[in-house]
Amino acid sequence: MIVHTGAKQAMKLYDIVFSPFSARVRIVIRWKQLAIDIVPPPLALKSAEFKALHPLGKIPILELDDGSYIAESWVIMEYLEDIFATLPLRPAGACACAHMRVKGRVADLFVGPALFPLFGELSSAGAGDADKTERAVKVQRQLVATEAEVVKLGRVLDEATPLGERPLDLGDIALVTTLYYVDAIPPLFGAVSPIAQNESVSHWWDTIGKIPVVNQTLTEINGGFRGFLKQIGRN
């Protein structure tokens with residue numbers, strides 16, 4: 001989605017540090033060494049003013065040098081890949097590109113939807129006793145669903161050339177910021193990280209974490225998330 005305003009200015013990424021969707025765009029910017037400012041949104045995300053300017057009402061948002069805006073993290077990543085050819089993150093060949101896009105779809109349509117309802121349960125820790133059983137059932141359901149999606153992801157990764165034997169691509173980047181939370185959230189509910197229980201995903205996770213721009217971004221996410229947990233009394 002592109003919204004035009006007509007102004008001329010430097011490119012900016014409107015970003016929240018522990019958003020997995022913003023973080024994936026930060027990785028692309030750093031990998032390609034792009035002169036794009038990374039800044040917090042100038043308006044409150046849920047405000048009427050923000051929604052008036054950005055109809056989808058969420059971040060990340062890339063503000064272009066002509067004042068237009070692009071929303072949706074995968075769209076932004078592909079846009080940056082299209083206009084900045086150096087240090088490519090899209091593989092050559094239709095089959096390799098298909099594998100790349102499957103990883104992005106798995107992150108956004110399977111793993112993320114299974115895991116992210118647990119965010120709401122983190123901030124509901126102080127709910128009354130009457131809600132505890134219902135909450136426990138929901139938490140367990142989402143933990144089981146997340147583990148199942150990680151198993152599927154392992155099979156997807158097995159079908160493609162392993163990372164380390166091929167270059168980093170946009171699909172890896174889409175996955176890694178979501179998988180940070182797959183690793184971080186279940187232990188907060190007394191569960192084991194699903195990543196640690198799946199050999200294929202664990203190997204991929206260890207490999208991608210050694211890439212400097214990925215490691216830097218994961219460190220930022222972790223700092224932001226731990227700050228959020230402290231705010232809600234879950235540190």
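Look a little higher up for the structure.
Rules used in this analysis
- Residues numbered from 1 in each chain as written.
- Predicted model: local features only at pLDDT ≥ 70, side-chain atom pairs only at ≥ 80, totals over all residues.
- Heavy atoms only, no water.
- Phe/Tyr/Trp six-rings, centres within 6.5 Å; stacked < 30°, edge-to-face > 60°.
- Helix = DSSP H or I, 4+ residues; strand = E, 2+ residues; numbered from the N terminus.
- Salt bridge = Lys/Arg side-chain N within 4 Å of Asp/Glu carboxyl O.
- Polar contact = N/O pair within 3.5 Å; in protein donor to acceptor, adjacent residues only side chain to side chain.
- Contact = heavy atoms within 4.5 Å.
- 1 Å grid on protein atoms, 1.4 Å probe; cavity = no way out; pocket = protein on both sides within 12 Å on 5 of 7 lines; lining within 4 Å.
- Points joined across faces, edges and corners; volume = space filled by probe spheres on them.
- Nonpolar A, V, L, I, M, F, W, Y, C, P; charged D, E, K, R; others polar.
- Buried < 20%, exposed > 50% of the residue type's maximum accessible area, 1.4 Å probe, protein only.
- Axes fitted to C-alpha atoms, helices over the stretch in contact; angles between N-to-C directions.
- Parallel < 35°, antiparallel > 145°, perpendicular 65-115°, else oblique.
- Left-handed = near helix turned anticlockwise from the far one by under 90°.

A. Representation of the packing of aromatic side chains. Within the structure shown, the criterion is met by 10 aromatic pairs. For the pair F21 and F116, a centre-to-centre distance of 6.1 Å together with 65° between the ring planes defines the contact as edge-to-face. Residue F21 is found in helix 1 (residues 20-31), and its partner F116 is found in the loop between helix 4 (94-115) and helix 5 (117-122); the two are separated by 95 residues along the sequence. Ring centres of F116 and Y181 lie 6.4 Å apart, and the angle between their planes is 75°; this geometry places the pair in the edge-to-face category.

B. Geometry of the pattern of salt bridges. According to the stated counting rule, one finds 16 salt bridges in the structure shown. Notably, a salt bridge pairs R24 with D108, separated by 3.0 Å at the nearest N-O pair. Pair noted here: R24 is in helix 1 and D108 is in helix 4, with a separation of 84 residues, a long-range link. Residue K58 is joined to E72 by a salt bridge in which the shortest nitrogen-to-oxygen separation is 3.1 Å. Taken together, the residues span a long stretch of sequence, with K58 in the loop between helix 2 (48-53) and strand 4 (61-63) and E72 in the loop between strand 5 (69-71) and helix 3 (73-83) at a distance of 14 residues. Salt bridges here are not isolated pairs; linked through shared partners, they connect D15, R26, R30 and E220.

C. Highlighting the side chain of E81. Turning to its location among the elements, E81 is positioned in helix 3. Here the side chain of E81 touches K32 through a polar contact of 3.0 Å, side chain to side chain. In this structure E81 touches K32, P88, L89, R90 and L170, once residues within four positions along its chain are discounted.

D. Structural context of the layout of surface pockets. The calculated volume of the largest pocket comes to roughly 600 Å³. For the largest pocket, the lining is made up of 18 residues, of which S19, P20, F21, K58 and I59 are closest to its centre. Contributions of two or more residues to the lining of the largest pocket are made by helix 1 and helix 3. Per-class residue counts for the lining of the largest pocket are 12 nonpolar, two polar and four charged. Considering the residues around the second largest pocket, the lining is formed by 16 residues, among which P91, A96, R166, P167 and D169 are closest to the centre. Across the lining of the second largest pocket, the residue classes break down as 10 nonpolar, two polar and four charged.

E. Representation of unusual backbone geometry within the structure. Following I59, the chain continues to P60 via a peptide bond in cis, the omega torsion being 10°. Mapped onto the elements, P60 comes out in the loop between helix 2 and strand 4. For E72, which is not glycine, the phi torsion reads 80° and is therefore positive. Residue classification places E72 among the partly exposed positions, given a relative accessible area of 32%.

F. Quick look at the packing of helix 1 against helix 7 (residues 170-184). Their axes nearest at 9 Å, the elements helix 1 and helix 7 cross at an angle of 140°. Judged by the angle between their axes, helix 1 and helix 7 are oblique. The crossing of helix 1 and helix 7 is right-handed. Here helix 1 contributes P20, A23, R24, I27 and V28 to the contact with helix 7, which in turn contributes L170, I173, A174, V176, T177, T178 and Y181. For the contact of helix 1 with helix 7, a count of residues per class yields nine nonpolar, two polar and one charged.

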